[in-house]
Amino acid sequence: LAFFLLVPFLHCVYVCSRTPLAPPPAASAVASLCTTLLSTMATIAVAGRWRRRSPATVFLVVVLVLGALPSERCSLAPTSSAAPCWRKVAGAVEGGVSPALLSSLPHRKKNGSSGDPSPRHPPAPLLGGGGGGGGEPGEDASEAIMAMATAPEMGEWLRRLRREIHEHPELAFEEVETSRLIREQLDAMGVRYVYPLAETGLVASLGSGEPPFVALRADMDALPIQEAVEWAHKSKVPGRMHACGHDAHVAMLLGAARILKHRERQLKGTVKLLFQPAEEAGNGAKRMMEDGALEGVEAIFAVHVSHEHPTSVIGSRAGPLLAGCGFFKAVISGREGLAGNPHHSVDPVLAASAAVISLQNIVSREANPLDSQVIVEQAGVYRCTASVDFFEKDHLFYPPTVNDEHMTELVKRVATDLLGPKGYKVVPPMMGAEDFSFYSQVVPAAFYYIGVRNETLGSHRTGHSPYFMIDEDALPVGAAVHASIAERYLKEHGSNLHGVA
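Within each chain, residue numbers correspond to sequence positions counted from 1 in written order. Only residues with pLDDT of at least 70 are given local features in this predicted model, and only at 80 or more are side-chain atom pairs given and counted; all residues enter the totals for whole chains, interfaces and linings. To get the side-chain values, take all heavy atoms of the structure and skip hydrogens and water.

- Under an unreviewed UniProt entry, the chain has the name Peptidase M20 dimerisation domain-containing protein and belongs to Colocasia esculenta.

Next comes the structure, spelled out in structure tokens:
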């Protein structure tokens, strides 16, 4: 009988010693006592009936023997079996709370928080562990970042985000739900941010909170276009469509946020993530700047999807990249006359036609294209009067987008390291315009393209087309390029969290 009492007691001690997250001592003692009493009752019953060796007696003996086998409750820890079980779990969360555990905890509402405790697409843990530890200081950053970006769970998460934004497009300064989705994701990652800026925009921050500051920007607004592409995630809002890829821009910047959060200890300064409204309206960037988005920022970068380049190929150039643009209205007035005396009339239609032709000829050869005298003088030739309004109070002119030489070189080096020599192309200037140009007038900037052209998928139509599509395989690469640019800029221009250069 003493032997049968000793076996369950030793078994309890063994199980408690193997428990990965040990309970308080009092609880362990109570659990051990209860288990011992129950086992003792069973062994007494076995001892009393042993001589008869009935089937029930044999069954109780088998149960006791199986119960004495080593507990495997610790096998859930995804680590090497060579270490003791409690060491496995400790190693899995060493340096912080594991991402899987963190994502299961309720979110606490804070200043600037979305207040939604259940993000629609919570970020999955990145490969390589969690806790914001990143990798070793001497590791190959490009290889590590690309490995995280191209992990299957990252690609799936980015596609889900982009598709949800695509299904619910919002026009300039109306990006309420898009902004809420972004804040939910940042809350789930534990990334701090300031909201609102420019009505629906926000600026997130990662790193030390100290200089240098580098910024990455994504625009959020859609266009008043009816989508003509028939696919599972077509716009659900009539007359609204993400026909310029801003849904992809947001997804890629959120992907960069995940990567940078994971590698936050590697950041030798601070990264600002600008989620900007109203690029298509022409003054979203200006409003963000007025609200302090560029405070302390020393350089800024942005990416735009391009149907002109194969999927994931990066393209840019130093110097002028995009044109400026603006709006004007010309009113040409003549004098009416009778059909019987046409020589007494002054025909404004003829004067307007001549002005259009002159704008194509004279402006390109003889005069400043912003000089209203071109129209006024041509109208005067035909005895008409003219006035020109450039809407300077209501609409901002986009200045040309001019890339800084050193920042463009950084984009080239990052793209080449991540994608190889064929992963970067020098592109010609284009006549499109971008309000990113307002940022480039204030700080050194680089605007670059990422290819989304895949004719097999139908992704070859130009932006602002109702048939515009993208190859979503570019999303992880865009996130990796964003993150690598920011981390490398800080490495080359700043110091780490401990002030060691």
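### Here we look at the confidence of the model for the chain
Then, in step 1: The predictor attaches a confidence to each residue, called pLDDT, with possible values from 0 through 100. Per-chain confidence: the chain averages 80 in pLDDT, with 69% of residues scoring 70 or above.
Then, in step 2: Long-range and interchain partners of residues 496-501, a stretch whose pLDDT sits below 50, account for nine contacts in this model, where long-range means more than four residues apart. A contact between two residues is defined here by any heavy atoms of the two lying within 4.5 Å.

### Some points on the sheet that holds strand S12 (residues 445-453)
Then, in step 1: Reading across the sheet, the eight strands line up as S1-S2-S4-S3-S5-S12-S6-S11 and stay open at both edges, with mixed pairing between neighbours. Each edge of the sheet is formed by a strand with only one pairing partner; in this case those strands are strand S1 (192-197) and strand S11 (424-426). Across the sheet, the mean angle separating the axes of adjacent strands is 25° when strand polarity is ignored.
Then, in step 2: As judged from the six bridges shared by strand S2 (residues 201-207) and strand S4 (residues 270-276), these two strands associate in the antiparallel manner. Note on S4: the bridge partner recorded for Leu-202 is Phe-275.
Then, in step 3: In this analysis an axis means a line fitted to C-alpha atoms, helices contributing only their contacting stretch, and an angle means the value between N-to-C directions, from 0 to 180 degrees. Helical segments are the DSSP runs of H or I of at least four residues, strand segments are the runs of E of at least two, and each set is numbered from the N terminus. Strands in contact with helix H9 (residues 246-262) are S2, strand S3 (213-219), S4, strand S5 (297-310) and S12; relative to S3, the strand with the most contacts, it is inclined by about 145°.
Then, in step 4: Sheet contacts for helix H15 (residues 474-493): S3, S4, S5, strand S6 (314-316) and S12; angle to S12, the most-contacted strand, approximately 160°. Here, strands pair whenever DSSP counts at least two bridges between them.

### Thoughts on the packing of aromatic side chains
Then, in step 1: Note on aromatic pairs: the rings of Phe, Tyr and Trp (six-membered ring only in Trp) are paired at centre separations within 6.5 Å, and the planes decide the class, stacked below 30 degrees, edge-to-face beyond 60, tilted for the rest. Evaluation of the coordinates by the stated rule reveals five aromatic pairs.
Then, in step 2: Here the aromatic rings of Phe-301 and Tyr-489 are separated by 6.5 Å at their centres, their planes lie at 70°, and the arrangement is edge-to-face. Of the two residues, Phe-301 is situated in strand S5 and Tyr-489 in helix H15; the sequence distance between them amounts to 188 residues. No difference in accessibility class separates Phe-301 from Tyr-489, as the two residues are buried.
Then, in step 3: Both rings, one in Phe-436 and one in Phe-447, keep their centres 5.4 Å apart while their planes meet at 45°; by these two values the pair is tilted. Of this pair, Phe-436 sits in helix H14 (residues 436-440) while Phe-447 sits in strand S12, placing them 11 residues apart in sequence.
Then, in step 4: Judged by relative accessible area, which is 0%, Phe-436 ranks as buried. Buried means the residue's accessible area, taken with a 1.4 Å probe over protein chains only, is under 20% of the maximum for its type, while exposed means over 50%, and partly exposed covers the values in between.

### A few points about the environment of Ile-485
Then, in step 1: On the secondary structure map, Ile-485 appears in helix H15.
Then, in step 2: By relative accessible area, Ile-485 is classed as buried at 0%.
Then, in step 3: Sequence separation of Ile-485 and Lys-412 is 73 residues, and the distance between their C-alpha atoms is 9.7 Å.
Then, in step 4: Filtering out sequence-adjacent residues up to four positions away, Ile-485 remains in contact with Phe-301, Leu-410, Val-411, Val-414 and Tyr-448.

### Some remarks on unusual backbone geometry
Then, in step 1: With an omega of 0°, the peptide bond running from Tyr-195 to Pro-196 counts as cis.
Then, in step 2: You can see Pro-196 is positioned in strand S1.
Then, in step 3: With an omega of 0°, the peptide bond between Pro-211 and Pro-212 qualifies as cis.
Then, in step 4: Counting through the fold element by element, Pro-212 comes out in the loop between S2 and S3.
Then, in step 5: With a phi close to 50°, Ala-198 is a non-glycine residue in the positive phi region.
Then, in step 6: Assignment of secondary structure puts Ala-198 in the loop between S1 and S2.
Then, in step 7: A positive phi angle is found at Glu-199, which is not glycine, with a value near 75°.
Then, in step 8: When you line up the elements, Glu-199 lands in the loop between S1 and S2.
Then, in step 9: On the accessibility criterion, Glu-199 (46% relative accessible area) is partly exposed.

### Examining the pattern of salt bridges
Then, in step 1: Note on definitions: salt bridges are taken to be side-chain nitrogens of Lys or Arg within 4 Å of carboxyl oxygens of Asp or Glu. All told, the structure shown has 18 salt bridges when counted by the stated rule.
Then, in step 2: Close ionic contact of Glu-230 with Lys-234 constitutes a salt bridge, the shortest N to O distance being 2.7 Å.
Then, in step 3: Residue Glu-230 is classed as exposed on the basis of its relative accessible area, which comes to 64%.
Then, in step 4: Residue Asp-417 is joined to Arg-488 by a salt bridge in which the shortest nitrogen-to-oxygen separation is 2.8 Å. Of this pair, Asp-417 sits in helix H13 (residues 405-419) while Arg-488 is found in helix H15, placing the two residues 71 residues apart along the sequence.
Then, in step 5: The class of Asp-417 is partly exposed, set by a relative accessible area of 45%.
Then, in step 6: When salt bridges with common partners are traced through the structure, they connect Arg-162, Arg-163, Asp-247 and Glu-472 into a single cluster.

### Quick word on the pairing of S2
Then, in step 1: Among the seven residues of S2, seven are classified as buried, and the element is accordingly described as predominantly covered.
Then, in step 2: Of the two faces of S2, the one lined by Gly-201, Val-203, Ser-205 and Gly-207 and the one lined by Leu-202, Ala-204 and Leu-206 are each fully buried.
Then, in step 3: Direction of pairing for S1 relative to S2: antiparallel, over a ladder of four bridges. In the sheet register, Arg-192 faces S2, and the bridge partner there is Ser-205.
Then, in step 4: The turn joining S1 and S2, which pair antiparallel and follow one another in sequence, is formed by three residues; a positive phi near 50° is taken by Ala-198.

### Focus on H15
Then, in step 1: One fewer than the residue count of a helix, multiplied by 1.5 Å, yields its expected span. Counted at 1.5 Å a residue, the expected span for H15 with its 20 residues is 28 Å, and the 28 Å between its end C-alpha atoms agrees.
Then, in step 2: Counting buried residues in H15 gives 17 out of 20 residues, a clear majority hidden from the surface.

### Let's talk about the packing of helix H6 (residues 141-149) against H15
Then, in step 1: Closest axis-to-axis distance for the H6/H15 pair is 9 Å, and the angle between their directions is 145°. As H6 packs across H15, the resulting crossing turns out to be right-handed. Residue-level inspection shows Ala-141, Ser-142, Ile-145, Met-146 and Ala-149 of H6 in contact with H15, the latter providing Pro-476, Ala-480, Ala-483, Ser-484, Glu-487 and Arg-488.
Then, in step 2: Any residue outside Ala, Val, Leu, Ile, Met, Phe, Trp, Tyr, Cys, Pro, Asp, Glu, Lys and Arg is labelled polar, Gly included; the first ten of those are nonpolar and the last four are charged. Within the contact of H6 with H15, the residues separate by chemical class into seven nonpolar, two polar and two charged. Crossing handedness: left-handed means the near helix sits turned counterclockwise from the far one by under a right angle, and right-handed means the same turn made clockwise.

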